[in-house]
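# Architecture at a glance
One-letter residues, chain by chain:
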Amino acid sequence: TVRRPFTPRRVLLVGSCERAKAIGARLVQRGARVEVAPNCHQGLVEIERLGGPSVFDALGIILPAYKTERPWTTPPEVWQERRTEALVGPFQLLRAYAPHRESGTIFGVTVMGGGLGFENVVQGAPEGGGLLGLLKAVRREHASLVVQALDISPSSPGDQVADALF
């Protein structure tokens, strides 16, 4: 359970969409020092450049809203392009962060329509499912970390998403 208001001292925030910017702005308003990386690969670079995972007491991964031709379908060629951003990158970043922390917070935002894909299915995209699964595994394997997942609709404004997180 996250105690509100949640204000870490230093956060690595991964994502470049409007929602990530709103979350970063909200954290700065609360006094956090926020380092922003546009993608998970750059997040790994920032962790290394700034001294390792112990520098950050929180990690946030914000996935973009992926466009789909039909709800809940991603053609194989499109998935090949997206899988690094939506699955491989988050896996590598979580692997570099979680095992090296005795405490801290990890949060992720996916855009599967809200309700983890069980509601608002007309707007759903499956790419966030991998991150949700990774966060669930981290929560079980690293009980000292607070892990939070938030699934939103593609139409959710950034301020509303930041309010839901914090």
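Within each chain, residue numbers correspond to sequence positions counted from 1 in written order. At least 70 in pLDDT is required for a residue's local features to be given in this predicted model, at least 80 for side-chain atom pairs to be given and counted, and no such filter applies to totals for whole chains, interfaces and linings, which use all residues. Side-chain calculation: all heavy atoms of the structure are included, whereas hydrogens and water are not.

## Here we look at the packing of helix 1 (residues 18-29) against helix 5 (residues 158-165)
- Put simply, helix 1 and helix 5 touch, their axes get as near as 8 Å, and they point 50° apart. With respect to their mutual orientation, helix 1 and helix 5 come out oblique. Our pair here, helix 1 against helix 5, has a crossing hand that is right-handed. Taking contact as the criterion, the partners of Glu18, Arg19, Ala22, Ile23 and Arg26 in helix 1 are, on helix 5, Gly158, Asp159, Val161, Ala162, Asp163 and Leu165.
- When grouped by side-chain class, the residues that make up the contact of helix 1 with helix 5 number five nonpolar, one polar and five charged. For helices, the axis comes from a line fit to the C-alpha atoms of the stretch in contact; other axes are also lines fit to C-alpha atoms, and the angle between any two N-to-C directions lies between 0 and 180 degrees. By definition, any uninterrupted DSSP run of H or I lasting at least four residues is a helix, any uninterrupted run of E lasting at least two residues is a strand, and each is numbered from the N terminus. With respect to orientation, any angle under 35 degrees is reported as roughly parallel, any angle over 145 as roughly antiparallel, any angle of 65 to 115 as roughly perpendicular, and every other angle as oblique. Definitions for this section: a left-handed crossing has its near helix turned counterclockwise from the far helix by less than a right angle. A right-handed crossing has that turn clockwise. In what follows, a contact means two residues having at least one pair of non-hydrogen atoms within 4.5 Å. Gly is placed with the polar residues, together with every amino acid not listed as nonpolar (Ala, Val, Leu, Ile, Met, Phe, Trp, Tyr, Cys and Pro) or charged (Asp, Glu, Lys and Arg).

## Re the pairing of strand 5 (residues 145-151)
- When accessible area is computed with a 1.4 Å probe and restricted to protein chains, residues below 20% of their type maximum are described as buried, those above 50% as exposed, and intermediate ones as partly exposed. Of all seven residues making up strand 5, five are buried, and the element is well covered by its neighbours.
- One bridge is not enough; two strands pair if DSSP finds at least two bridges between them. As defined by bridge partners, strand 4 (residues 104-110) adjoins strand 5 across seven bridges and the pair is classed as parallel. In the sheet register, glycine 108 faces strand 5, and the bridge partner there is alanine 149.

## Regarding the pattern of salt bridges
- The term salt bridge refers to a pairing of a side-chain nitrogen on Lys or Arg with a carboxyl oxygen on Asp or Glu at a separation within 4 Å. Taken as a whole, this structure holds six salt bridges when the rule is applied.
- Ionic pairing is found between arginine 33 and glutamate 35, a salt bridge with its closest N-O pair at 3.5 Å.
- With its nearest N and O atoms 2.7 Å apart, the salt bridge here joins arginine 49 to glutamate 46. With arginine 49 and glutamate 46 both in helix 2 (residues 40-49), this residue pair falls three residues apart, about one helical turn.
- Relative accessible area serves as the criterion here: at 53%, arginine 49 is assigned to the exposed category.

## Topic: the pairing of strand 3 (residues 58-62)
- The buried count for strand 3 comes to five of five residues, which makes it a mostly enclosed element.
- Burial of the side chains of strand 3 extends over both faces: Ala58, Gly60 and Ile62 are buried on one face and Leu59 and Ile61 on the other.
- Pairing of strand 1 (residues 10-14) with strand 3 involves four bridges; the strand directions are parallel. Bridged to valine 11 within strand 3 is alanine 58.
- Bridge count for strand 3 against strand 4 is five bridges, and the pairing is parallel. Paired with isoleucine 62 across the bridge in strand 4 is valine 109.

## With respect to the nonpolar core
- With 22 residues, the main nonpolar core has Leu12, Leu59, Ile61, Leu93, Leu94 and Ile106 as its most contacted residues.
- Sorting the residues of this core by element identifies strand 1, helix 2, strand 3, helix 3 (76-97), helix 4 (129-141) and strand 5 as the ones contributing at least two each.
- Not counting chain neighbours up to four residues away, the residues in contact with leucine 93 comprise Leu12, Val14, Cys40, Gly43, Leu44, Ile47, Leu59 and Ile61.
- In terms of nonpolar packing, the next biggest core, distinct from the first, is built from 19 residues, Leu27, Ala32, Ile62 and Val109 among them. Residues belong to a common nonpolar core when they are buried Ala, Val, Leu, Ile, Met, Phe, Trp, Tyr or Cys residues joined through side-chain atoms within 4.5 Å.

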